[in-house]
Amino acid sequence: MSTPDTFAKTAQAPGRFRLPDIPEKHPDDMTSSKQLAETGNMDRLKVHLDHPEATIVSGERYVCAAPGGPRRYPDLLVAFSVDPERYEADNGYVALHQGKPPDLVLEIASSHTGHVDVGVKRDFYERLGIPEYWRFDQTPTGQWHGARLAGSILVEGQYEPIEIEELPDGSLQGYSPALNLYLRWVAGILVFYDPSTGQPIASLESERARADAAEVRVDSEREGRVRAEARNRELEEELRRLRGS
């Protein structure tokens, strides 16, 4: 069993090793693009987690323990306190080079890969020592993963299930300690919720819109104060005129 300490002790300086590109995906595997790219979830996570100089939010590149070792590619990978430049140079995540495993990986189910996600990949991520492994199945019955939403957390080298609760509207929700976010299954769509706000995490566009709205509100309040002050001056002038007449 690999551990973060093992990787930290054996981390190496950059070399010439480079992982290959992943193979061309089966048409049925495009569910990952729908849930992560088309919804903006990948970009939302990058904006929310911040610190791009030491955080990797990526996917569909290989992850492995060391050069030449077994490898798999998750749909989503998140790693903190790592080297994004080395990730690009390696064309993927090499735990030996980063000094630790990723903090979280997530797989989106498809008819083509669902059985791999709950079998071979789960075992691989557990052996690599990845603290959290999440599975999302957009089907109403969770037919490809056996569950619509599932998460596992590493405890003494073995994955144990993360509690998933059903909300009153039929959505499912589980908490990710690594992200400090809730993952939700909402009508077949993956949504990340911020527990501090109870709202979906913001995107760059929504943050800009919020800032623009706040600026408009401040400008409107400023204009209101200017009009009120001008009106007060008019009233004071009128009062002085009446007193002098």
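Look above for the structure.
Residues numbered from 1 in each chain as written. Predicted model: local features only at pLDDT ≥ 70, side-chain atom pairs only at ≥ 80, totals over all residues. Heavy atoms only, no water.

A. Broad picture of the side chain of glutamine 138. Counting through the fold element by element, glutamine 138 comes out in the loop between β7 (132–136) and β8 (149–155). Here glutamine 35 takes part through its side chain, which lies 3.0 Å from a polar atom of the side chain of glutamine 138. For glutamine 138, the residues in contact, after removing those within four places along its chain, are Thr31, Lys34, Gln35, Trp185 and Gly188. (Helix = DSSP H or I, 4+ residues; strand = E, 2+ residues; numbered from the N terminus. Polar contact = N/O pair within 3.5 Å; in protein donor to acceptor, adjacent residues only side chain to side chain. Contact = heavy atoms within 4.5 Å.)

B. Representation of the sheet that holds strand β11 (residues 172–176). What the five strands build is an open sheet, ordered β10-β11-β12-β13-β14; its pairing is antiparallel. One side of each edge strand has no neighbouring strand; the edge strands of this open sheet are β10 (164–166) and β14 (199–200). Pairing between β11 and strand β12 (residues 181–186): five bridges, direction antiparallel. Its bridge partner being in β12, leucine 172 is matched across the sheet by tryptophan 185. (Pairing = 2+ DSSP bridges.)

C. The arrangement of the pairing of β11 in detail. In terms of residue burial, β11 counts as a mostly covered element, since four of its five residues are buried. Sheet topology note: the β10/β11 ladder contains three bridges and is antiparallel. Residue pairing across strands places glutamate 165 opposite glutamine 173, the latter belonging to β11. Hairpin connection of β10 to β11: five residues between the antiparallel strands, including glycine 170 at a positive phi of 90°. (Buried < 20%, exposed > 50% of the residue type's maximum accessible area, 1.4 Å probe, protein only.)

D. How the structure looks around the layout of surface pockets. As a volume, the second largest pocket reaches approximately 150 Å³. Forming the walls of the second largest pocket are Lys46, Leu49, Asp50, Pro52, Thr55, Ile56, Val57, Ser58, Arg61, Pro84, Tyr87 and Glu88. Only α3 (41–49), β1 (55–58) and α4 (84–90) provide two or more residues apiece to the lining of the second largest pocket. Among the elements that make up the lining of the second largest pocket, the one with the highest residue count is β1 (four residues). A breakdown of the residues in the lining of the second largest pocket according to their chemical character gives six nonpolar, two polar and four charged. (1 Å grid on protein atoms, 1.4 Å probe; cavity = no way out; pocket = protein on both sides within 12 Å on 5 of 7 lines; lining within 4 Å. Points joined across faces, edges and corners; volume = space filled by probe spheres on them. Nonpolar A, V, L, I, M, F, W, Y, C, P; charged D, E, K, R; others polar.)

E. Just the pairing of strand β13 (residues 189–194), in detail. The buried count for β13 comes to five of six residues, which makes it a mostly enclosed element. Here β12 runs beside β13; their pairing, made up of five bridges, is antiparallel. Its bridge partner being in β13, tyrosine 182 is matched across the sheet by tyrosine 193. Linkage of β12 to β13, two consecutive antiparallel strands, is achieved through a turn of two residues, within which alanine 187 is found at a positive phi near 50°. Here two bridges tie β13 to β14, and the two strands are oriented antiparallel to one another. Bridge pairing in β14 places tyrosine 193 opposite proline 200.

F. Main features of the pattern of salt bridges. Per the stated rule, a full pass over the model turns up five salt bridges. Note that glutamate 88 is salt-bridged to arginine 61, the shortest N-O span being 3.1 Å. Of this pair, glutamate 88 sits in helix α4 while arginine 61 sits in the loop between β1 and β2 (62–64), placing them 27 residues apart in sequence. The class for arginine 61 is partly exposed, based on a relative accessible area of 23%. As a salt-bridge pair, aspartate 90 and arginine 86 come within 3.0 Å of each other at their nearest N and O atoms. In this pair, aspartate 90 and arginine 86 are both assigned in helix α4, four residues apart and thus about one turn of the helix distant. (Salt bridge = Lys/Arg side-chain N within 4 Å of Asp/Glu carboxyl O.)

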